[in-house]
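Inside the fold
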Amino acid sequence: RKEVEQDPGPFNVPEGATVAFNCTYSNSASQSFFWYRQDCRKEPKLLMSVYSSGNEDGRFTAQLNRASQYISLLIRDSKLSDSATYLCVVKGGGSNYKLTFGKGTLLTVNP
Amino acid sequence: EAGVTQFPSHSVIEKGQTVTLRCDPISGHDNLYWYRRVMGKEIKFLLHFVKESKQDESGMPNNRFLAERTGGTYSTLKVQPAELEDSGVYFCASSHLTFMGGYTFGSGTRLTVV
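Residues numbered from 1 in each chain as written. Chains lettered and ligands numbered in written order. Predicted model: local features only at pLDDT ≥ 70, side-chain atom pairs only at ≥ 80, totals over all residues. Heavy atoms only, no water.

On to the state of the cysteines. Inspection of the entire model under this criterion finds two disulfides over all chains. Between the sulfur of Cys23 of chain A and that of Cys88 of chain A lies a disulfide, 2.0 Å long from S to S. With the S-S dihedral at roughly -75°, the linkage between Cys23 of chain A and Cys88 of chain A falls on the left-handed side. You can see Cys23 of chain A sitting in strand S3 (residues 19-25) and its partner Cys88 of chain A sitting in strand S9 (residues 84-91), a full 65 residues away along the chain. Here the two residues Cys23 of chain A and Cys88 of chain A agree in accessibility, since each one is buried. Across a sulfur-sulfur distance of 1.8 Å, Cys23 of chain B and Cys92 of chain B are joined as a disulfide pair. Handedness here is read from the sign of the S-S torsion; for Cys23 of chain B and Cys92 of chain B, about -65°, the answer is left-handed. (Disulfide = S-S within 2.5 Å. Helix = DSSP H or I, 4+ residues; strand = E, 2+ residues; numbered from the N terminus. Buried < 20%, exposed > 50% of the residue type's maximum accessible area, 1.4 Å probe, protein only.)

Below, the structure is given as structure tokens:
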């Protein structure tokens, strides 16, 4: 079983749509959780951290369920500029700074 | 502040040759990491430096890969001799010692071994 698994995608949605990404992780000792965004042929960039209580940043909402080892990202009112690959990323605890990436889900927002 | 800089951005070498990738982290970032994305696979951890010391090199594929960070500033990743399966994008990232602010990734080096 992969350490971090994501919806394989790709997702093609019209502008204005709501889209949800799902992710599960296998290591119950994981402590920190993130969504990164990666544009074509660019580096990954942090989109948002994910907290147990859930958190929102504008049109983006992230949720974490530690019991189910499940992470989600919801994008509302999607824009053309949201087109990218979304990476679910998990970090160990304490001094373990290693990030474990999911394979990513490609989102294309169409006009 | 300047970001993480990687050089070269692209490299095409023949199987059996040697290639050295360089990473300049953000000034003041003691943590430096190397990651790699092979085509069709997820981004995978290679190793982690704290200043000049290797904290975790559990992701290094084999002894053809050698990473150094002399003086705790820039880092190099040497592949010798390169094999076809080494092709991919090599990302460097850096962070503060306490991980505050998270990682910043460089734009990567795209390595093609032919």
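So much for the structure itself; the text now carries on.
This part covers the interface of chain B and chain A. Counting from both sides, the interface comprises 20 residues of chain B and, opposite them, 16 residues of chain A. Both sides together, the interface formed by chain B and chain A hides about 1,700 Å², and carbon and sulfur atoms give 57% of it. Seen at the junction of chain B and chain A, the total is one salt bridge. Glu42 of chain B is paired through a salt bridge with Lys2 of chain A; the nearest N and O atoms lie 3.7 Å apart. Put simply, chain B and chain A have five residue pairs in polar contact (both at pLDDT 80 or more) between them. Elements with a contribution of two residues or more to the side of chain B that touches chain A: strand S4 (31-37) and strand S5 (43-50) of chain B. (Contact = heavy atoms within 4.5 Å. Buried area = accessible area lost by both parts, 1.4 Å probe. Salt bridge = Lys/Arg side-chain N within 4 Å of Asp/Glu carboxyl O. Polar contact = N/O pair within 3.5 Å; in protein donor to acceptor, adjacent residues only side chain to side chain.)

This brings us to the pattern of salt bridges. Residues and elements named next belong to chain A. Tallied over the full model, the rule gives nine salt bridges over all chains. Asp82 is the salt-bridge partner of Arg59, the closest N and O atoms lying 2.8 Å from each other. Taken together, the residues Arg59 in the loop between strand S6 (55-57) and strand S7 (60-65) and Asp82 in the loop between strand S8 (70-75) and S9 connect sequence positions 23 residues apart.

Mapped onto the elements of the fold, Thr76 of chain B is located in strand S8 (residues 75-79). Discounting residues that sit within four places of it in the chain, Thr76 of chain B has contacts with Thr20, Leu21, Arg22, Trp34, Leu66, Ala67 and Glu68 of chain B.

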